[in-house]
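Spelled out from the first residue to the last, the chains are:
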Amino acid sequence: MWSFFSRDPARDFPYEISDVIPGLEEKSIWQMHKGKKKASGEPVTVFVFEVKPGGEDLLETAKSAVKRLKTLRHPNILTYIDSLETDKIVYLVTEPVETLECHLADEDVYTESQKKLAISWGLHQVVKGLSFLINDCSLAHNNVCLSSVFVDQAGNWRLAGIEYMSPASDPSPFKSVRYWERYNTPERGDPARKKVSKWSTDSWGLGCLIWEAFNGPLPKPTSLKSLGKIPKNLSAHYCELVGANPSSRPNPADFINKCRASGGFFKNSFVDTMIFIEEMQIKDSHEKSRFFANLTPLLDSFPQNICKYNILPQLVNAFEFGDAGSAVLSPMFKLGKLLDTEQYQKKIVPCVVKLFSSKDRATRAKLLQQMDQFVHHLQPCLINDQIFPQIIQGFMDTNPTIREQTVKCMLHLSSKLNYHNLDEELLKHFARLQAKDDQGGIRTNTTVCLGKIASYLHPQTRQKVLIPAFSRAMRDPFPPARTAGILALSATQSYYTLRDCATRILPALCALTVDPDKSVRDQAFKAAKGFLSKLEKVSEDPSLAEQMEADVNAVGSGSSTSTAASWAGWAVSSLTAKFYKSSQQSPSKPATTQASSQLPKPSSDSSHSVVSDHSHAAAATIKDDHQDSGSDYEEEWNDWGDIEDSSVTSLTTAVPTPSSKLEGWDVNEDWESFEIDPERAESNKIVSSSRGDWSEGLHEDFIPADPKLKPASSYNWKTQPSSVSDDVFSSLGVSSKMETKKSSEHQSSRIENQMVTKSVDDKWGDWNDQFQDKTQNKTEEVRKKREERRQQKLKEFQARKAARQGTSGPMKLGVRKEH
């Protein structure tokens, strides 16, 4: 309420008025201004009417319009907020809008196809507003035209211009603005004709609005006879609206029904979508799920401003307060890309945090698959404190799809994880998956992901983890996993010292040169040649050594998340989705055997590509120059295909309860032991941390030769060996079919060729596969010593425990235990 004793009410107006909005010059009694509320800064539109000399009679018209608009509340009519009336000026405050003429003239808002969709939805809204006035309120608008319609930020058309609104039974009032005379109906100038229906005048005005929406402002009444750019599926109904006979003009409600019929102008995917969103509250959950599942591909053809300010808020509300379920996530994240950073943080991020705590598997799977669409909007502290602890539950999920998608999403999160989450927690889960997961595709993805996040690991962690992990992958019974191990070594070659390349990597690669799978052998040869070429260059020019090892101790690259997101294309395609079904059908058959025997054929569709032909999945060459941190291997990694959007609609079982520790998993059992043999550490200069290494004996500078082995000169190195027994490679075997009977005099030759590889990999568990031979004498001695030390420690522990139990009386609280 305004103070009656205020001298100047306009000075106390709580809204600040600024620039004039063009579009109403000489077309209305009002002048549009941009404005904002002084207290909150909320934007508004202020319609201003000033009394000019000779225009005192228009003051009552302006006040009447304010009174009418204040009492009308409808979604398709301009929203009233506030007003101020004096003897000389009238202020009308409404929601922020612009004129329809300026909106349609802006070529940057719509493409040609989007503009047609926007007009169809806008006209639908205006006709609904007219139907409300005529059929529900028995009011005649009497001023429907281009200058009476306004558009808000969300692209909604609002009906206004109610200065000459009157009861439907009254005759049309006289219009004081000369410009509006071009919209007069034919019967207005002919007293012989009578208005036979309460909607005849507004139906004529609706026809004028349709003509102007497609052709621009109406120059003269006779222009209505030419259709211009009016679409064919609307032209027949338009002609009925502008018919000379008032009785033939349709009711606005009937006009909507005709245009909503099959093939009508209002019958398209955009109008159908907008109507469903408006009626979402009365739809059941099945209808919503089906609607959201089909919505995502349609969004590309919809106008962006309507998607951003109209559809997206409705999707967020449907998720927060409705039962939309996980189906709403895909369109919501797609439209979230249209928001700026500040808006995204306010509208989408709270939903994302809430979603990750959901126990619904389908929701979690959708989140993991859509990670690349929103991860760059998440702050590192938010990821480390609230999101990552929820995500890692997926590593222990019993459903293979959840485990696989959890591994893949680490490509996007790794750049924002802190040391504890990345170098400790994540690698712990990777170690367990690589060692114990029964799905070959998941083991393969784990190796690929580790190779891609290597640049973010701490240098000491890289030195301790990468070679053992990739060496283990190269002994996997699943051929793509072995190929992934080879490619990962080559792609991360800049993080290995020259000594590691010579004493640890090359021996492991040489073992795969006799792999039963041709593609694995090909990659092993290429990788071995590349590492040998690197060592040869340094041998020829020792000054290159420092350059070759420049990145060994480099701190995490700190690449942007956009780079990490592009790496997702390197990841293995959804191998496990193809193998899970076969594994479930034949539970008695080992999963790895089924996966190897049922590899599908490669598909032409990259989104469903599967690594079946391993020669195509890992076909590339290593260039002579190996200083590009594995960039030469980008093609091989890309050939694995894109992350596939797996079907998760049937995943309804709850996710296991989160646990800070992996239940039932013994680190020493998976990685053999974190302890380092003190004797070997001293002889080979192994530096162990308080936490220990991932495997024992993985950091030797060299392996001393066994004095029992024969010298290399005693072997027959001829091009054509005289007999099988004289061939130095005759003792190599990789499968039961390839093994031949070995003679006793060449047993030592076999030991010499396998000592280096075995000493590097002996602590990564017993895979019982075709690449692991009998344990060597030296390794057995080391294990026996370690077992003796463990037994001794166990005895000492039991003795101390017995001594404590033998003491008389209970221990007092707060008493420190004696060790």
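Thresholds, definitions, all that
- Residues numbered from 1 in each chain as written.
- Predicted model: local features only at pLDDT ≥ 70, side-chain atom pairs only at ≥ 80, totals over all residues.
- Heavy atoms only, no water.
- Helix = DSSP H or I, 4+ residues; strand = E, 2+ residues; numbered from the N terminus.
- Buried < 20%, exposed > 50% of the residue type's maximum accessible area, 1.4 Å probe, protein only.
- Contact = heavy atoms within 4.5 Å.
- Areas by Shrake-Rupley, 256 points an atom, 1.4 Å probe, with all protein chains shown as cover.
- Pairing = 2+ DSSP bridges.
- Axes fitted to C-alpha atoms, helices over the stretch in contact; angles between N-to-C directions.
- Core = buried A, V, L, I, M, F, W, Y, C linked by side-chain atoms within 4.5 Å.
- Left-handed = near helix turned anticlockwise from the far one by under 90°.
- Nonpolar A, V, L, I, M, F, W, Y, C, P; charged D, E, K, R; others polar.
- Polar contact = N/O pair within 3.5 Å; in protein donor to acceptor, adjacent residues only side chain to side chain.
- pLDDT = per-residue confidence, 0-100.
- Salt bridge = Lys/Arg side-chain N within 4 Å of Asp/Glu carboxyl O.

For the protein chain, the count of helices and strands is 32 helices and ten strands. Taken over 819 residues, the protein chain has a buried fraction of 51%. A separation threshold of at least 6 residues defines the contact pool for the protein chain, and within that pool the share at least 24 residues apart is 68%. Within the structure as shown, the protein chain displays about 39,400 Å² of accessible surface, and the carbon and sulfur contribution to it stands at 51%.

To continue, consider the sheet that holds strand E5 (residues 89-94). One open sheet holds the five strands; their spatial order is E1-E2-E3-E5-E4, and the pairing between them is antiparallel. Bordering the open sheet on either side are strand E1 (15-20) and strand E4 (80-85), each of which pairs with just one other strand. Neighbour-to-neighbour, the strand axes of the sheet open up by a mean angle of 30 degrees, direction not taken into account. As defined by bridge partners, E4 adjoins E5 across five bridges and the pair is classed as antiparallel. Within E5, the residue paired with Glu85 across the bridge is Val90. Contacts between helix H1 (residues 57-71) and the sheet are confined to strand E3 (43-50), E4 and E5, with E4 contributing the most and set at about 150 degrees to the helix.

On to the nonpolar core. In this structure, Phe333 and Met410 are the most contacted members of the largest nonpolar core, which totals 88 residues. At eight residues, helix H9 (residues 304-321) tops the list of elements feeding residues into this core. Beyond its immediate chain neighbours, meaning those up to four positions away, Phe333 contacts Tyr344, Ile348, Val352, Leu355, Leu367, Gln370, Gln373 and Phe374. Counting 66 residues, the second largest nonpolar core, distinct from the first, contains Leu58, Leu139, Tyr179 and Ala213.

This paragraph deals with the environment of Arg260. With respect to the helices and strands, the residue Arg260 is situated in the loop between helix H6 (252-259) and helix H7 (269-278). Each C-alpha atom of the pair Arg260 and Asp272 lies 9.4 Å from the other, and the pair is twelve residues apart in sequence. Not counting the four nearest positions on each side in its chain, Arg260 is found in contact with His124, Phe266, Lys267, Val271, Asp272 and Ile275.

A word on the sheet that holds strand E6 (residues 97-99). Overall, antiparallel pairing links the three strands, which are arranged E6-E8-E9 in an open sheet. Only two strands of the sheet have a single neighbouring strand rather than two, namely E6 and strand E9 (157-159). Taking the axes of each pair of neighbouring strands and ignoring which way they run, one obtains an average angle of 40 degrees across the sheet. Both E6 and strand E8 (residues 149-152) contribute to a ladder of three bridges, which runs antiparallel. Looking across to E8, one finds that Val97 is bridged to Asp152.

Packing of H9 against helix H12 (residues 349-356) brings their axes to within 11 Å, and their N-to-C directions diverge by 35 degrees. The element H9 and its partner H12 pack so that their crossing is left-handed. Between H9 and H12, the residues in contact are Val316, Phe319 and Glu320 and Cys351, Lys354 and Leu355, respectively. Its residues placed into classes, the contact of H9 with H12 shows four nonpolar, no polar and two charged.

Moving on to the side chain of Asn310. Within the fold, Asn310 resides in helix H9. For Asn310, a relative accessible area of 10% corresponds to the buried category. Within the structure, the side chain of Asn310 is placed 2.9 Å from the side chain of Asn156, a separation counted as a polar contact.

This part is about the confidence of the model for the protein chain. Taken residue by residue, the protein chain gives an average pLDDT of 74. The fraction at 70 or more is 69%. Within the model, pLDDT remains below 50 along residues 1-6, and this stretch shows seven contacts once partners closer than five positions in the same chain are excluded. Predicted confidence for residues 811-815 stays below pLDDT 50, and this span has one contact to residues more than four positions away or in other chains.

Before going further, it helps to spend a moment on the pattern of salt bridges. As enumerated under the stated definition, the model contains 20 salt bridges in all. Across the pair Glu187 and Arg249 runs a salt bridge, and its minimum N-O distance is 2.9 Å. Residue Glu187 is located in the loop between strand E10 (166-167) and helix H4 (200-215), and its partner Arg249 is located in the loop between helix H5 (232-241) and H6; the two are separated by 62 residues in the primary sequence. For Arg249, a relative accessible area of 2% corresponds to the buried category. In this structure, Arg504 and Asp500 form a salt bridge, with 3.4 Å as the shortest nitrogen-oxygen distance. A residue pair is termed a helical-turn pair when its members lie 3 or 4 positions apart in one helix, as Arg504 and Asp500 do in helix H21 (residues 498-511) at four residues. Judged by relative accessible area, Asp500 falls into the buried class, the value being 9%. When salt bridges that share partners are traced, they join Glu95, Asp152 and Arg158 into one network.

What follows is about the pairing of strand E2 (residues 31-37). Consecutive side chains along a regular strand alternate between the two faces of the sheet. Sheet topology note: the E1/E2 ladder contains four bridges and is antiparallel. Bridging from a neighbouring strand, Ile17 pairs with Gly35 of E2. As defined by bridge partners, E2 adjoins E3 across six bridges and the pair is classed as antiparallel. Looking at the pairing, His33 lines up with Val46 of E3.

With that settled, consider the pairing of E3. Within E3, six of the eight residues are buried, which leaves it mostly tucked inside the rest of the structure. Taken together, E2 and the strand that follows it, E3, pair antiparallel across an intervening segment of five residues, in which Gly41 is found at a positive phi of about 80 degrees. As judged from the six bridges shared by E3 and E5, these two strands associate in the antiparallel manner. Pairing of Glu50 across the sheet is with Ile89, part of E5.

Attention shifts here to unusual backbone geometry. Although it is not a glycine, Ser138 sits at a positive phi angle of roughly 55 degrees. Relative to the helices and strands, Ser138 resides in the loop between helix H3 (112-136) and strand E7 (139-140). The partly exposed category is assigned to Ser138, whose relative accessible area is 37%. In this model, Asn142 sits at a positive phi of 65 degrees, which is unusual for a non-glycine residue. Relative to the elements of secondary structure, Asn142 occurs in the loop between E7 and E8.

Those residues of H5 that fall on the buried side of the exposure criterion are Leu234, Ser235, His237, Tyr238 and Leu241. Taken together, the buried residues of H5 touch H4 and H6.

What follows covers the environment of Thr401. Looking at the secondary structure, you find Thr401 in helix H16 (residues 400-413). On the basis of relative accessibility, which here comes to 10%, the residue Thr401 falls in the buried class. In this structure the C-alpha to C-alpha distance between Thr401 and Arg361, which are 40 residues apart in sequence, comes to 9.7 Å.

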